[in-house]
Amino acid sequence: MDIYEVPKVPEEKRYWVVRAEGGLYFDHFTQHGLIALGHLNCLDIKDTPESGQFYPSEDKLSQSFIRYHDEIGSSRHRTSSHLTQIKSFIYEMSVGDWVVTVGDKLVRFGRIIGRPYIENEPVTVVYDAMKGRLVKMDFTLRRSVVWGPSILRKELPYGLSQSFQSNLTLFCLDKHWQAVHHSLYPAFVKDNHLYLSSKIRSKDRIKNYSVSAVLTLLNEIEVIGKEVENFDNLENFDDTYNRYIDDNKLSITTKAQFHSPGDIWNAIGATAGSIDGWMTYTVAAYSMLFGNQKLGFDGLIDLQTRQKIWDLVLDRLKKNKAEKVVDSLKLEMPRLDTSKLEDSSKDEK
């Protein structure tokens, strides 16, 4: 298995949603590697020269757009809304930002790799070559995107799913950055916090004991991760665990939708120093809760230490009488190929 590197979320990263005309152009976006807006079609702007970018004066663009819509009697609210979206597309989006587009059943995550440009040639998707059924998209304001993983809309976290109820074609998703990353990654880091993600796949009613057992196990994972280098402290695990409680050193917090299905999200803070010293051990222990080493740690953790962590996790599962809880909840970590979202090699310089 490849070595698993816990991704670190850059401070400057931003997140956007660009709708594909109610899903009609979902395939146009994803098959042709782009996102697009049709709000500027009305100004009949010429194509951007090859290798160029569309970056007009913001004031002049606004004046032209408002003047056109005043002449045709558009409502001020609609004009203002469309202009705000155009400005976001041109002036606020950046190469390297992530974008989500929404289809009937799927949402797909992508990385913006290009600057804005105008192209008047429609983008065509053929759905039935024999019958000649094709759909053309004529939105002229575009950016290039490399598309990564897709997720079923019904499997999205509630808050993220609800955000897609917005009627806007384009809007910022920054406030849902945690939900985006929890949906994609088993573990990630930001602001000296380690975040862990799992999904409840079971459709059965969730027992109170199952919730209690999972939360206890997650507390213990923090202790294992932070103390594994001082293995003597773990030979009497209960004493070490109780000392963490007495000294108020347990930092793990949980956001959960204990639904069936649902989500469990955790954040573990660094009480002192850097997160790097214990992060890998914690993620290794966390992955072992799921019955096997789904994440690769060869080259990061020596075999002897991995065995110690494995033995500790098995021991805590047994002592908490939680061996069947993970199975009964059908807990899983996200397992998606996010490499295209992280790869900056195709970004326009």
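Procedures and definitions
Sequence order as written defines residue numbering, which begins from 1 separately in each chain. Confidence filtering applies because this is a predicted model: local features only for residues at pLDDT of at least 70, side-chain atom pairs given and counted only at 80 or more, and all residues used for totals across whole chains, interfaces and linings. Only hydrogens and water are set aside when side-chain values are computed; all heavy atoms of the structure are taken into account. Working definition: helices are DSSP H or I runs of at least four residues, strands are E runs of at least two. Numbering for both runs from the N terminus. Each residue is assigned to one of three classes by its accessible area relative to the maximum for its type, calculated with a 1.4 Å probe on protein chains only: buried under 20%, partly exposed between the two thresholds, exposed over 50%. Contact criterion: two residues are considered in contact whenever any of their non-hydrogen atoms come within 4.5 Å of each other. Residue exposure ignores everything except the shown protein chains as possible cover, and the areas themselves are Shrake-Rupley values with a 1.4 Å probe. Charge counting follows a simple rule: Lys and Arg are positive, Asp and Glu are negative, and His as well as the terminal groups are ignored. Taken as the charge centre is NZ of Lys, CZ of Arg, CG of Asp or CD of Glu, depending on the residue. By definition, the arc is the one covered by directions from the helix axis to the C-beta atoms. Note: two strands are recorded as paired if DSSP finds a minimum of 2 bridges between them.

Novice: Can you explain the overall build of the chain? Please cite residues and give values.
Specialist: Secondary structure assignment for the chain yields eleven helices and 14 strands. When its C-alpha atoms are laid out on the principal axes, the chain stretches across 80 × 45 × 40 Å. Looking at the chain residue by residue over its 349 residues, the buried ones come to 48%. Looking at the chain alone, contacts between residues at least 24 apart form 73% of all its contacts between residues at least 6 apart. For the chain, the computed accessible surface area is about 18,000 Å², with 46% contributed by carbon and sulfur atoms. Where the 45 positive side-chain charges of the chain centre and where its 48 negative ones centre are 6 Å apart.

Novice: Please set out helix H7 (residues 237-246) residue by residue, giving values where relevant.
Specialist: Within H7, the full set of buried residues consists of Phe237, Thr240, Tyr241 and Tyr244. The buried residues of H7 occupy an angular sector of 100° when projected down its axis, which confines them to one face. Buried residues belonging to H7 abut helix H6 (208-227) and helix H9 (303-319). Asn248 occupies a position one or two residues after H7 and carries a positive phi of about 55°.

Novice: Explain unusual backbone geometry to me, using residue names and the numbers behind them.
Specialist: For Asn248, which is not glycine, the phi dihedral falls at a positive 55°. For Asn248, a relative accessible area of 67% translates into the label exposed. A positive phi angle is found at Lys321, which is not glycine, with a value near 50°. Classification of Lys321 by relative accessible area gives exposed; the value is 67%.

Novice: Lay out the pairing of strand S8 (residues 141-152) in plain terms, naming residues and giving numbers.
Specialist: Two faces make up the sheet, and in a regular strand the side chains alternate between them. The buried count for S8 comes to nine of twelve residues, which makes it a mostly enclosed element. Summarising the sheet, strand S4 (residues 106-112) and S8 pair through six bridges and their orientation is antiparallel. Bridge assignment links Leu106 to a residue of S8, and that residue is Leu152. Bridge count between strand S5 (residues 117-118) and S8: two bridges; the pairing is antiparallel. Bridge pairing in S8 places Tyr117 opposite Arg142.

Novice: Provide a residue-level description of the pairing of strand S13 (residues 262-269), including the pertinent values.
Specialist: Extensive coverage of S13 is indicated by the burial of eight of its eight residues. Neither face of S13 is open: one carries Gly262, Ile264, Asn266 and Ile268, the other Asp263, Trp265, Ala267 and Gly269, and all of them are buried. Note: strand S11 (residues 193-200) against S13, eight bridges, orientation antiparallel. Opposite Leu194, over in S13, you have Ile268 as the bridge partner. Bridge analysis of strand S12 (residues 253-257) against S13 gives five bridges, and the strand direction is antiparallel. Each bridged residue has a counterpart across the sheet, and for Lys255 the counterpart in S13 is Trp265. The hairpin formed by S12 and S13 contains four residues between the paired strands.

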